[in-house]
Amino acid sequence: MRLLGAAAAAALGRAPLSRVPVALGWQRQQANWKVCRWCSSGVIPNEKIRNIGISAHIDSGKTTLTERVLYYTGRIAKMHEVKGKDGVGAVMDSMELERQRGITIQSAATYTMWKDVNINIIDTPGHVDFTIEVERALRVLDGAILVLCAVGGVQCQTMTVNRQMKRYSVPFLTFINKLDRVGSNPSRALQQMSQIVRYGEIPAEFRAAAADHRQELIECVANSDEHLGEMFLEEKIPSTSDLKLAIRRATLNRSFTPVFLGSALKNKGVQPLLDAVLEYLPNPSEVQNYAILNQENDSKEKTKILMNSKRDNSHPFVGLAFKLEAGRFGQLTYVRSYQGELKKGDTIYNTRTRKKVRVQRLVRMHADMLEDVEEVFAGDICALFGIDCASGDTFTNKDSSGLSMESIHVPDPVISIAMKPSNKNDLEKFSKGIGRFTREDPTFKVHFDTESKETIVSGMGELHLEIYAQRMEREYGCPCVTGKPKVAFRETITAPVPFEFTHKKQSGGAGQFGKVIGVLEPLDPENYTKLEFSDETFGANVPKQFVPAVEKGFLDACEKGPLSGHKLSGLRFVLQDGAHHMVDSNEISFIRAGEGALKQALANATLCVLEPIMSVEVIAPNEFQGPVIAGINRRHGVITGQDGIEGYFTLYADVPLNDMFGYSTELRSCTEGKGEYTMEYCRYQPCSPSAQEDLINKYLEATGQLPVKKGKAKN
């Protein structure tokens, strides 16, 4: 939709907002707020509740906006900047690391009162690495505020957040922030959003432009709302209340988004936004939430049951644990109540584990501060202490233990690194920290690689994993070393090699004797990960009870290859003949004979190093096709196919795993954060001669067979 430049000027040219209340007014406001909280305990109706989230791209001003909202509603007595000179930091950035870096890492919950309406607010991070925080916040909220930067406009994370709101059908308002910055252009942001603006009091010189925009607003809402559309066709002039009701209906249907202008830092436009939250965003009774009935016969058709939002105990309690956090008093579990009543001291059931737990303490959150409550009802967001559960678990009382809420969408990790404690004595702290972080964050995955003996951690980006390494040091006193994970290279031979090996050992008394004859063959490329043993002996030259010993010797010797120290694979050991001694032959003799035969064959064979090849699928907007293809080619990838749909293209390629490290960061930077990729193991194939030479030289240097080059840059 079009927007004249007057809109921004009108928004900024309006009468200045009251900044600091007078002392008496402030005390009265505080007192009123406390009275409202006290008398609203348990009896506040659905119409007086809003559950909202504040989401946006990095550095759009979400936390600053939340700080202003809390100040103007009387929740906090003094405002602080995110990275202010006083060093205090915003109330919602309660973690020390957040205040130091000036970014939000964890979503934080709070609640406040505005015009006798209770508003539960969740402030979410903007960085793509912490997208799970936004995901689980939007899963439990009824409405949201999407903050746009007037300079940056619609950015990559804005589009991601919009997709997440669409996934959970969350209606939202838009607030175009930072109008005080040089180069701010709200018109461009609106064109990018394809929406229209709405605002209140206007100076006299902009009245004509305002009348045009009002007409444009009516036309736009008439397209989204049937009732107003009929009035428009009948050429009736809608009243302000008609227009507001139509905007509310269209917003709840997600067919229209009201847009507001302002600057949170300069305290402009915050109160109209709060009024709009009450007027246009839904209360818990206007949102339909469904639970799934878990049937014991595992039928594919899932029965959905509509949750009742009445704020009483007439229906059984149902709640969803959407976030875990390690607090000062143990594990803190954030729960959104969807139905019924939960009281302190009640017993509730986890429908996933089938365990029952008693609610010892029930609190409401204000950033990292807790306020005890006796009971919560449908529509409330609360926190429980000392309850063992996972993110996404459903809690019910016994009457409805067959119910579970729809789970939260968890994206797959995109980057992996090796992590270990700097000091071996800190292993216990390390495992404790890793255990807690994996419980709290479903996108943080950990596994132990038995081959490389490394702990591999996976996450949503480099910043994500860097933050966890820093938290490990700050919160557990365990400094960590991170690095590129070792790739599981393999060695194999290129052509069949015959062998004939005799193992003899005589040392007084019974000795050792075993002789094996046969061929060592390479397997087909599709079987490069396998090792095969074939017994083709005739007669009793090699007694049958010793054949498994020869196989064991072959498999043991395959654990370390002669070329680069990696495992051997893609081999077939064919035993054709041999010899034994009546007295000296035993199991250990033939184990040693099998080992020696393999080493003899490898000494006469041509070896090559195999590397894992990954099937990579890249999705990005069409305008970034060139840089994406160039990036794949730089990483020695082979493009196998391509297709496109609705302005996006999908590139299919086979790329060596060793060249894929750091690709997620490169892809985000070359596609303005709009590109995504997935990869999975495809096959093993011989690596390039240069890569093989590097691996051999590194192995020889590590084993002392080759002098280390001076001044060589470390990888």
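Model, not experiment: these values are computed from the prediction.

1. Focus: the overall build of the protein chain
Thought 1: Within the protein chain, the regular secondary structure consists of 18 helices and 33 strands.
Thought 2: Each of the 715 residues in the protein chain was classed as buried or not, and the buried ones make up 52%.
Thought 3: Across the protein chain, every contact between residues at least 6 apart in sequence was considered, and the portion connecting residues at least 24 apart equals 73%.
Thought 4: Carbon and sulfur atoms make up 51% of the accessible area of the protein chain, which totals about 33,700 Å².

2. Some words on helix 10 (residues 240–252)
Thought 1: When the terminal C-alpha atoms of helix 10 are compared, their 18 Å separation across 13 residues agrees well with the 18 Å that a helix rising 1.5 Å per residue should span.
Thought 2: Burial in helix 10 covers these residues: Leu243, Ala246, Ile247, Arg248, Ala250 and Thr251.
Thought 3: Just beyond helix 10, the residue with positive phi is Arg254, at close to 60°.

3. Brief notes about the pattern of salt bridges
Thought 1: Scanning the entire structure with this criterion turns up 18 salt bridges.
Thought 2: The partner of Glu559 in a salt bridge is Lys567, with the nearest N and O atoms 3.9 Å apart.
Thought 3: Through salt bridges that share partners, Arg436, Arg471 and Glu475 make up one connected network.

4. Comments concerning the pairing of strand 14 (residues 362–366)
Thought 1: In terms of residue burial, strand 14 counts as a mostly covered element, since five of its five residues are buried.
Thought 2: In strand 14, alternate side chains face the same way, and those of Leu362, Arg364 and His366 on one face and Val363 and Met365 on the other are all buried.
Thought 3: Sheet topology places strand 14 next to strand 17 (residues 381–385); two bridges connect them, and they run antiparallel. Bridged to Val363 within strand 17 is Ala383.
Thought 4: Alignment of strand 14 against strand 15 (residues 369–372), held across four bridges, turns out to be antiparallel. Each residue of the ladder has a partner; that of His366, found in strand 15, is Met369.

5. Some points on the sheet that holds strand 6 (residues 259–261)
Hydrogen bonding along the main chain pairs the strands of a sheet, whether they run parallel or antiparallel.
Thought 1: Read from one edge of the open sheet, six strands run 2-3-1-4-5-6, paired in mixed fashion. In this open sheet, the two edge strands, each paired with only one partner strand, are strand 2 (108–114) and strand 6. With strand direction ignored, the average angle separating the axes of adjacent strands in the sheet is 25°.
Thought 2: Judged from the six bridges that link them, strand 4 (residues 143–149) and strand 5 (residues 172–177) form a sheet pairing that is parallel. Paired with Leu146 across the two strands is Thr174, which belongs to strand 5.

6. Things to note about the packing of helix 10 against helix 11 (residues 270–280)
Thought 1: In the contact formed by helix 10 and helix 11, the axes pass within 9 Å of each other and the chain directions differ by 75°. Relative to helix 11, the element helix 10 is oriented roughly perpendicular. Residues Lys244, Ile247, Arg248, Thr251 and Leu252 of helix 10 lie in contact with helix 11, whose contacting residues are Leu278, Glu279 and Tyr280.
Thought 2: A breakdown of the residues in the contact of helix 10 with helix 11 according to their chemical character gives four nonpolar, one polar and three charged.

7. Considering the nonpolar core
Thought 1: One finds Leu520, Phe573, Leu598, Val618 and Val628 to be the most contacted residues of the largest nonpolar core, which totals 50 residues.
Thought 2: Sequence-distant contacts of Leu598, that is, excluding residues within four places in its chain, are made with Leu520, Phe554, Ala557, Cys558, Leu568, Leu571 and Phe573.
Thought 3: By size, the runner-up hydrophobic cluster in this structure holds 39 residues, among which are Ile121, Val277, Tyr280 and Leu281.

8. Some thoughts on the environment of Ile493
Thought 1: Within the secondary structure, Ile493 sits in strand 24 (residues 490–493).
Thought 2: Sequence spacing of Ile493 and Pro522 is 29 residues, and the spatial spacing of their C-alpha atoms is 5.8 Å.

9. What to know about unusual backbone geometry
Thought 1: In this structure, Ser169 is a non-glycine residue whose phi angle is positive, near 50°.
Thought 2: Its place among the elements puts Ser169 in the loop between helix 6 (156–167) and strand 5.
Thought 3: The exposure class of Ser169 is exposed, given its relative accessible area of 52%.
Thought 4: Positive phi, close to 60°, is recorded for His636, a residue that is not glycine.
Thought 5: Summarising the element assignment, His636 is placed in the loop between helix 16 (625–634) and strand 31 (638–645).
Thought 6: The class for His636 is exposed, based on a relative accessible area of 57%.

10. Quick notes on the side chain of Asn120
Thought 1: Looking at the element boundaries, Asn120 is found in strand 3 (residues 117–123).
Thought 2: A polar atom in the side chain of Asn120 sits 2.6 Å from the side chain of Arg364.
Thought 3: Excluding residues that lie within four positions of it along the chain, Asn120 makes contacts with Ile49, Arg50, Asn51, Ile52, Thr110, Tyr111, Arg364, Gly379 and Ile381.

11. Quick notes on the sheet that holds strand 29 (residues 571–579)
Thought 1: Pairing is mixed in the open sheet, where four strands are placed in the order 25-26-29-27. The open sheet has two edge strands, strand 25 (497–505) and strand 27 (531–535), and neither has a second partner. In this sheet, adjacent strand axes meet at a mean angle of 25° when their direction is disregarded.
Thought 2: Sheet topology places strand 27 next to strand 29; five bridges connect them, and they run parallel. Residue pairing across strands places Glu532 opposite Arg572, the latter belonging to strand 29.
Thought 3: Contacts from helix 14 (residues 547–557) reach strand 26 (512–522), strand 27 and strand 29 within the one sheet, and its direction differs from that of strand 27 by about 155°.
Thought 4: Lying over the sheet, helix 15 (residues 587–603) contacts strand 25, strand 26 and strand 29, oriented at roughly 40° with respect to strand 26.

12. Comments concerning the environment of Met614
Thought 1: With respect to the secondary-structure elements, Met614 resides in strand 30 (residues 607–621).
Thought 2: Aside from chain neighbours lying at most four places away, what touches Met614 is Ala653, Asp654, Val655, Leu657, Met679, Glu680, Tyr681 and Cys682.

13. A look at the side chain of Glu341
Thought 1: With respect to the helices and strands, the residue Glu341 is situated in strand 11 (residues 341–343).
Thought 2: It is Lys343 that comes nearest to the buried, bridge-free Glu341 among opposite-charge side chains, at 4.1 Å.

14. Topic: the pairing of strand 32 (residues 648–656)
Residues in a regular strand point their side chains to alternate faces of the sheet.
Thought 1: Where burial is concerned, most of strand 32 is hidden: seven out of the nine residues are buried.
Thought 2: Both strand 30 and strand 32 contribute to a ladder of nine bridges, which runs antiparallel. Considered in strand 32, the bridge of Ile613 is made with Pro656.
Thought 3: Pairing of strand 31 with strand 32, which is carried by seven bridges, proceeds in the antiparallel orientation. Opposite Gly644, over in strand 32, you have Phe649 as the bridge partner.
Thought 4: Between strand 31 and strand 32, which pair antiparallel and follow one another directly, the connecting turn spans two residues, one of which, Glu646, has a positive phi of 45°.

15. A look at the packing of aromatic side chains
Thought 1: Inspection of every chain in the model, using the stated rule, returns 11 aromatic pairs.
Thought 2: Between the aromatic rings of Phe437 and Phe444, the centroid separation amounts to 6.4 Å while the plane-to-plane angle is 80°, which identifies the pairing as edge-to-face.
Thought 3: Under the relative-accessibility criterion, Phe444 is labelled buried at 2%.
Thought 4: With centroids separated by 5.1 Å and ring planes inclined at 15°, the aromatic side chains of Phe546 and Phe590 adopt a geometry described as stacked. With a gap of 44 residues between them, Phe546 in the loop between strand 27 and helix 14 and Phe590 in helix 15 connect regions that are remote in the sequence. Exposure class is identical for Phe546 and Phe590. Each is buried.
Thought 5: Of the aromatic side chains, those joined through ring pairs into one cluster are Phe437, Phe444, Tyr468 and Tyr476.
Thought 6: Its end group placed over the ring of Tyr334, Lys323 keeps NZ or CZ at 5.7 Å from the ring centre.
Thought 7: When the ring centre of Tyr111 is taken as origin, the NZ or CZ atom of Arg364, which lies over that ring, is 4.1 Å away.

Rules of the game
- Residues numbered from 1 in each chain as written.
- Predicted model: local features only at pLDDT ≥ 70, side-chain atom pairs only at ≥ 80, totals over all residues.
- Heavy atoms only, no water.
- Helix = DSSP H or I, 4+ residues; strand = E, 2+ residues; numbered from the N terminus.
- Buried < 20%, exposed > 50% of the residue type's maximum accessible area, 1.4 Å probe, protein only.
- Contact = heavy atoms within 4.5 Å.
- Areas by Shrake-Rupley, 256 points an atom, 1.4 Å probe, with all protein chains shown as cover.
- Expected span 1.5 Å × (residues − 1).
- Salt bridge = Lys/Arg side-chain N within 4 Å of Asp/Glu carboxyl O.
- Pairing = 2+ DSSP bridges.
- Axes fitted to C-alpha atoms, helices over the stretch in contact; angles between N-to-C directions.
- Parallel < 35°, antiparallel > 145°, perpendicular 65-115°, else oblique.
- Nonpolar A, V, L, I, M, F, W, Y, C, P; charged D, E, K, R; others polar.
- Core = buried A, V, L, I, M, F, W, Y, C linked by side-chain atoms within 4.5 Å.
- Polar contact = N/O pair within 3.5 Å; in protein donor to acceptor, adjacent residues only side chain to side chain.
- Lys, Arg positive; Asp, Glu negative; His and termini not counted.
- Phe/Tyr/Trp six-rings, centres within 6.5 Å; stacked < 30°, edge-to-face > 60°.
- Lys NZ or Arg CZ within 6 Å of the ring centre and 35° of its normal.

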